[in-house]
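Per-entry structural report
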Amino acid sequence: MTTDTIITARGLTKTFTVRKAVVEAVTDLDLDVQRGELVAFLGPNGAGKSTSLRMLTTLLPPTSGTATVVGHDIARDPAGVRRRIGYIGQGTSAGHNQRVRDELLSQGAFYGMGRRAAATRADELLESLDLAPLATRKVLGLSGGQKRRLDIALGLIHSPELLFLDEPSTGLDPQSRANLWQHILDLRREHGTTIFVTTHFLEEADLFAERVLVMDHGRMIADDTAGNLKTTLAGDVITLGFASEADARAAAARAGGTAAGSSLSLTVDHGELVLPRLLRELDSVTSATLRQPTLDDVFLALTGRSLREDAATSKEEINA
Amino acid sequence: MSTITTDTWNVLTRELRPVLRDPFSLIFSLVQPLVFLGLFGPLLVATSGQPAAATLQSFVPGILVMIALFGTGTTGSNLLYEMQTGSHERTLVAPISRSSLLVGRALKEMVPIMVQACIIALVTIPFGFSVNPIGLALGLVLLALFGLGFGALSYSLALASRNNDWMFWGIQQATLFPLMILSGMLLPLEHAPQWMQVAAAFNPISYVVAAERALLSGDLASMTVVWGFVAAAVLAVIGLSVGIRAMKKAA
């Protein structure tokens with residue numbers, strides 16, 4: 001895997017005017033993505049993830065700032081960028097009255113592929129995304145999961161070296177979601193495709209991305225591996241139970257942490273190593289739990305809010 | 001082929017695929033003109049006091065323009081739907097020129113119109129409608145040109161109302177019927193009040209209807225035909241330039 005930079009953004013900013021009020025959707029985004037990386041953009045709805053993605057994919061001109069994507073400037077040479085990237089948006093990419101295979105052929109033509117090449121590639125994608133039996137079906141009649149797989153196929157027709165996915169698993173059941181990610185990971189393993197994905201699903205970012213960018217209120221507030229984010233920003237929580245409050249207080253005096261009633265909790269790094277030692281040292285322990293942090297704890301540590309509550313309550317995304 | 005030509009061709013091909021896959025959809029959309037022919041036609045014959053054949057001679061060309069008017073007037077809704085679902089966005093990320101996205105779609109409008117108008121013209125022949133074959137061929141070209149321009153305007157309206165689709169349907173309903181009535185398509189405007197005749201003189205569709213009547217009756221060399229083509233051509237130029245601008249602005 002080569003390590004040259006495939007996305008560079010400097011000071012990328014987008015403001016919208018909504019009913020005479022200026023809304024800063026994205027503020028001063030600086031970003032470098034290396035070829036072959038799998039990067040997840042994590043944040044609540046309305047954090048500015050999609051707007052950032054839409055600027056990087058030339059769908060939306062930035063208010064200020066610059067970005068180079070696959071060697072082409074998004075403002076000066078949008079066509080150069082478009083030729084080299086794949087984009088799978090939040091909606092359904094295929095036309096509702098089109099047939100599955102027809103859309104793939106049209107998409108191939110849009111990307112300058114010859115008829116034979118487009119047909120071969122379309123059949124290959126239909127096969128690998130389990131869409132072959134649906135080739136002559138109308139898009140209108142497909143299930144949500146089938147439509148999403150077709151979106152992926154359309155995004156991949158020209159074998160792009162960089163693939164953007166905007167909330168790819170929204171609206172999918174857990175099984176389709178796992179299946180979708182399997183395809184994304186296969187793609188990366190087989191072709192070294194650089195993958196840039198936005199998501200508000202913590203588990204996805206946690207499981208699949210090696211690098212997580214956290215975005216909130218239009219600003220990028222963290223950029224690291226999921227593991228590092230969790231160690232530096234959240235830490236493991238060990239909770240020990242005791243027979244009495246006195247035992248808990250005595251244990252707190254020896255081991256640190258905060259005693260509450262007959263239990264004691266400690267926030268530590270590498271809880272899995274600390275817990276056995278504590279159990280050896282403190283003979284009065286009656287129960288023990290270790291909770292390793294999730295990216296939600298990271299988000300909580302960064303913003304003071306839980307991403308879960310946020311995702312549930314705030315549905316406002318600026319449409320542009 | 002230059003990029004724009006290739007792009008336009010590719011967009012046109014994509015738009016035509018569902019029509020070719022499902023040619024019967026063209027027949028089903030003939031319900032409205034057939035209703036007018038079957039239910040409005042006899043009324044017209046009865047009130048005009050003329051023989052059926054003479055009435056048909058002026059009524060059928062009007063129905064052909066009606067097919068083009070209503071077929072292309074609603075076509076923007078397809079684009080509206082594709083903007084809402086995300087498939088339009090997909091084409092915006094693809095390396096195709098913005099103007100091709102509009103021109104390819106507008107060009108596609110010509111195909112169903114010509115097929116449908118041809119069917120209706122042939123269907124009415126047994127009822128006494130006499131058609132000049134060369135006039136019919138030229139008439140179809142005129143309809144196609146008109147449909148190209150009016151379709152482009154419908155797409156422009158869709159692009160302009162992409163954030164509130166009620167606007168599309170509101171404006172569409174508010175314009176189609178006045179345009180239809182003020183073109184003399186169904187009822188001739190000779191006995192209409194003065195203000196209606198003035199309004200009709202500013203309606204490009206009046207000229208297309210008049211030219212269509214002249215062409216189908218075999219009056220090929222008349223100035224009415226020339227004015228019909230001029231009106232359709234002006235409409236096409238306006239429609240395409242407004243549409244291309246709307247497409248570039250919306251993207």
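Residues numbered from 1 in each chain as written. Chains lettered and ligands numbered in written order. Predicted model: local features only at pLDDT ≥ 70, side-chain atom pairs only at ≥ 80, totals over all residues. Heavy atoms only, no water.

A look at the overall build of chain A
Scanning chain A for helices and strands turns up twelve helices and 14 strands. In terms of its C-alpha atoms, chain A occupies a principal-axis envelope of roughly 80 × 50 × 40 Å. Looking at the 320 residues of chain A, the share that counts as buried comes to 50%. Residue pairs at least 24 apart in sequence account for 70% of intrachain contacts in chain A once pairs closer than 6 positions are excluded. (Helix = DSSP H or I, 4+ residues; strand = E, 2+ residues; numbered from the N terminus. Buried < 20%, exposed > 50% of the residue type's maximum accessible area, 1.4 Å probe, protein only. Contact = heavy atoms within 4.5 Å.)

Comments concerning the overall build of chain B
When its secondary structure is counted, chain B shows 13 helices and zero strands. Seen in sequence order, chain B has helices and strands lined up from the N terminus as α-α-α-α-α-α-α-α-α-α-α-α-α. A globule of 251 residues ought to have a C-alpha radius of gyration of about 18 Å, and chain B, at 18 Å, matches this closely. Dimensions along the principal axes, computed over C-alpha positions, put chain B at roughly 60 × 40 × 30 Å. Counting only residues that meet the buried cut, chain B has 51% of its 251 residues in that class. Considering only contacts within chain B whose residues lie at least 6 apart along the sequence, 80% involve residues at least 24 apart. Averaging the coordinates of the 12 positive side-chain charges in chain B and doing the same for the 10 negative ones gives two points 10 Å apart. (Rg over C-alpha atoms; globule rule 2.2 N^0.38 Å. Lys, Arg positive; Asp, Glu negative; His and termini not counted. Charge placed at Lys NZ, Arg CZ, Asp CG, Glu CD.)

Structural notes on the pattern of salt bridges
Tallied over the entire structure, the rule returns 27 salt bridges over all chains. One salt bridge in this structure joins E161 of chain A and R35 of chain A, with 2.6 Å as the shortest N-O distance. Of the two residues, E161 of chain A is situated in the loop between α5 (144-156) and β7 (162-166) and R35 of chain A in the loop between β2 (21-34) and β3 (38-42); the sequence distance between them amounts to 126 residues. A salt bridge links D186 of chain A to R189 of chain A; the nearest nitrogen and oxygen atoms lie 3.2 Å apart. Separated by three residues within a single helix, D186 of chain A and R189 of chain A lie in helix α6 (residues 174-191), roughly one turn from each other. By relative accessible area, R189 of chain A is classed as exposed at 60%. What emerges from the salt-bridge pattern is a single network uniting E103 of chain A together with R14, E15, E82, R90 and R105 of chain B. (Salt bridge = Lys/Arg side-chain N within 4 Å of Asp/Glu carboxyl O.)

Topic: the interface of chain B and chain A
Reports of interface size often rely on the accessible area that becomes lost once the parts have come together. At the junction of the two partners, chain B supplies 22 residues and chain A supplies 29 residues. Taken together, both faces of the contact between chain B and chain A bury some 2,300 Å²; the carbon and sulfur share is 51%. At the surface where chain B touches chain A, the tally comes to five salt bridges. A salt bridge links R21 of chain B to D102 of chain A, with the shortest nitrogen-to-oxygen separation between them at 2.7 Å. Where chain B meets chain A, there are 13 residue pairs in polar contact (both at pLDDT 80 or more). (Buried area = accessible area lost by both parts, 1.4 Å probe. Polar contact = N/O pair within 3.5 Å; in protein donor to acceptor, adjacent residues only side chain to side chain.)

A short note on the packing of helix α3 (residues 100-110) of chain A against α5 of chain A
All names here are of chain A. Taken N-terminus to C-terminus, the directions of α3 and α5 make an angle of 25°; their axes are 9 Å apart at the nearest point. Relative to α5, the element α3 lies roughly parallel. The hand of the α3/α5 crossing is right-handed. Note on element contacts: α5 touches α3 through L150, A153 and L154, opposite V100, E103, L104 and Q107. When grouped by side-chain class, the residues that make up the contact of α3 with α5 number five nonpolar, one polar and one charged. (Axes fitted to C-alpha atoms, helices over the stretch in contact; angles between N-to-C directions. Parallel < 35°, antiparallel > 145°, perpendicular 65-115°, else oblique. Left-handed = near helix turned anticlockwise from the far one by under 90°. Nonpolar A, V, L, I, M, F, W, Y, C, P; charged D, E, K, R; others polar.)

What about the domain arrangement of chain A?
Along its sequence, chain A is organised into domain 1 (5-230) and domain 2 (236-292). The C-alpha-based centres of domain 1 of chain A and domain 2 of chain A are spaced at 45 Å. (Domains from an automatic or database assignment.)

With respect to the environment of I244 of chain B
All names here are of chain B. Along the chain, I244 turns up in helix α13 (residues 223-250). Residues I244 and M110 lie 134 residues apart in sequence; the distance between their C-alpha atoms is 18 Å. If near-sequence neighbours (up to four positions away) are discounted, I244 is found in contact with S99, L102 and V103.

Brief notes about the confidence of the model for chain B
Mean pLDDT for chain B: 92, with 99% of residues reaching 70 or above. Within chain B, the element-level pLDDT minimum falls on helix α2 (residues 24-28) of chain B, averaging 86, and the maximum on helix α12 (residues 204-216) of chain B, averaging 96. (pLDDT = per-residue confidence, 0-100.)

Thoughts on the sheet that holds strand β13 (residues 263-268) of chain A
Strands belonging to one sheet form pairs held by backbone hydrogen bonds; the direction of such a pair is parallel or antiparallel. Residues and elements named next belong to chain A. The antiparallel open sheet is built from four strands, whose spatial order is β12-β13-β11-β14. Pairing within the sheet leaves two strands with one partner each, and these edge strands are β12 (258-260) and β14 (285-291). Averaged over neighbouring strand pairs, the angle between their axes works out to 20° when direction is ignored. Note: strand β11 (residues 236-242) against β13, six bridges, orientation antiparallel. Directly across from I238, in β13, lies its bridge partner L266. (Pairing = 2+ DSSP bridges.)

Structural notes on α6 of chain A
All names here are of chain A. With 18 residues, α6 ought to run about 26 Å at 1.5 Å a step, and its terminal C-alpha atoms sit 26 Å apart, in line with that. Taken together, the buried positions of α6 are S176, L180, W181, H183, I184, D186, L187 and R188. In this fold, the buried residues of α6 make contact with β3, α4 (115-128), α5, β7, β8 (194-199) and α7 (202-208). G192, located one to two residues past α6, shows a positive phi value of around 65°. (Expected span 1.5 Å × (residues − 1).)

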